[in-house]
Amino acid sequence: MAPHDPTRRALLAALAATSAAMLGARPTVAQGNAAASAGLISPNVCLLGVDVTEGPFYLDRRMVRADVTEGRPGLPLEMAVQIVDASCRPIPQARVDIWHCDALGVYSNVAGQDTAGETFLRGTQMADEHGIVTFRTIYPGWYRGRTTHIHHKVYLDDTNVLTGQIFFPDTLSRRMYDQMQPYAGRRAERDTFNGNDGIARRAGPGAFAGMEAAGDGYRGSLVIGVDPQATSRSA
């Protein structure tokens, strides 16, 4: 889609005019102040991430890269994730893997979706000294039975692995899927939203990204708390 497409510009303007509380996690003033003083990138302050199901199609290729799009069409999304412990201390060198479906709900490396051997929308990064990784990707699409999400794994070592998912505001997703190509125009209808997705409800508000308009797309941010002493059942 061209950078000056009026539909895109209108959607970005609508996002900018909508309160952050409606578009992502709902921080209190105290949380916001604590986040700023601790140098965190989003206000879900030091909430330990909830280990949830890995979900479909994880591929441990350790493809260390920031840009995971591989030319897949969709609205640009810069997804920043910060790894901290329960005391808000950043965890440098944590390994973060992400993977998600494309704008039409298709995953790479799935024989049944004719993408066997492909690697789009998958990647790995190591957290910097502030515990931050940033991926360049696209806003994920949807498929029946699940709300909009990005899968992640956070590795501190071979026995401490947090498996989780990043969720997005339904307000934004609805606008996106109704108005913008290639998301719009699908014949199937969405049947699952944040409120009736069991995994999203289990993960809780700490798994919802804060969102803001950024240039020609969006920037998402999420702080993920990890217990350095934990031994993961998913390791």
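Residues numbered from 1 in each chain as written. Predicted model: local features only at pLDDT ≥ 70, side-chain atom pairs only at ≥ 80, totals over all residues. Heavy atoms only, no water.

1. Describing the packing of aromatic side chains
Any pair of aromatic rings gets described here by the distance separating the centres and the angle formed by the planes.
Working step 1: All chains considered together, the criterion is met by 6 aromatic pairs.
Working step 2: Aromatic rings pair up to connect Tyr139, Phe168, Tyr177, Tyr183 and Tyr218 into one cluster.
Working step 3: In this structure, arginine 72 packs its charged tip against the face of phenylalanine 120, placed 3.7 Å from the ring centre.
Working step 4: One cation-aromatic arrangement involves arginine 95 over tyrosine 155; the distance from NZ or CZ to the ring centre is 4.0 Å. (Phe/Tyr/Trp six-rings, centres within 6.5 Å; stacked < 30°, edge-to-face > 60°. Lys NZ or Arg CZ within 6 Å of the ring centre and 35° of its normal.)

2. Considerations on the sheet that holds strand 2 (residues 95-99)
Paired through backbone hydrogen bonds, the strands of a sheet run either parallel or antiparallel to each other.
Working step 1: Read from one edge to the other, the open sheet built from 4 strands follows the order 3-2-5-6, with strand pairing classed as antiparallel. One side of each edge strand has no neighbouring strand; the edge strands of this open sheet are strand 3 (122-126) and strand 6 (160-167). If you compare each strand with its neighbour and ignore which way they point, the axes differ by 20 degrees on average.
Working step 2: Where strand 2 lies against strand 5 (residues 149-157), 5 bridges are found, and the strand directions are antiparallel. Among the inter-strand pairings, isoleucine 98 is bridged to a residue of strand 5, identified as histidine 152. (Pairing = 2+ DSSP bridges. Helix = DSSP H or I, 4+ residues; strand = E, 2+ residues; numbered from the N terminus. Axes fitted to C-alpha atoms, helices over the stretch in contact; angles between N-to-C directions.)

3. A short note on the environment of arginine 201
Working step 1: Within the secondary structure, arginine 201 is located in helix 5 (residues 198-203).
Working step 2: Apart from residues lying up to four places away in sequence, arginine 201 is in contact with Asn194 and Gly195. (Contact = heavy atoms within 4.5 Å.)

4. Overview of the nonpolar core
Working step 1: In terms of nonpolar packing, the biggest core is built from 35 residues, with Ile83, Phe168, Met176 and Tyr183 touching the most fellow members.
Working step 2: Those residues in contact with isoleucine 83, other than ones at most four positions away along the chain, are Arg89, Pro90, Ile91, Ala94, Val96, Gly131, Val154, Ile224 and Val226.
Working step 3: In terms of nonpolar packing, the next biggest core, distinct from the first, is built from 6 residues, Ile199, Ala200, Ala207 and Phe208 among them. (Core = buried A, V, L, I, M, F, W, Y, C linked by side-chain atoms within 4.5 Å. Buried < 20%, exposed > 50% of the residue type's maximum accessible area, 1.4 Å probe, protein only.)

5. Details of unusual backbone geometry
One can expect most non-glycine residues to show negative phi and most peptide bonds to be in trans.
Working step 1: Between glutamine 181 and the following residue, proline 182, the backbone shows a cis peptide bond with an omega angle of 0 degrees.
Working step 2: Assignment of secondary structure puts proline 182 in the loop between helix 4 (170-179) and helix 5.
Working step 3: For aspartate 114, which is not glycine, the phi torsion reads 60 degrees and is therefore positive.
Working step 4: Counting through the fold element by element, aspartate 114 comes out in the loop between strand 2 and strand 3.
Working step 5: If you check the backbone angles, leucine 121 has positive phi at about 60 degrees while not being a glycine.

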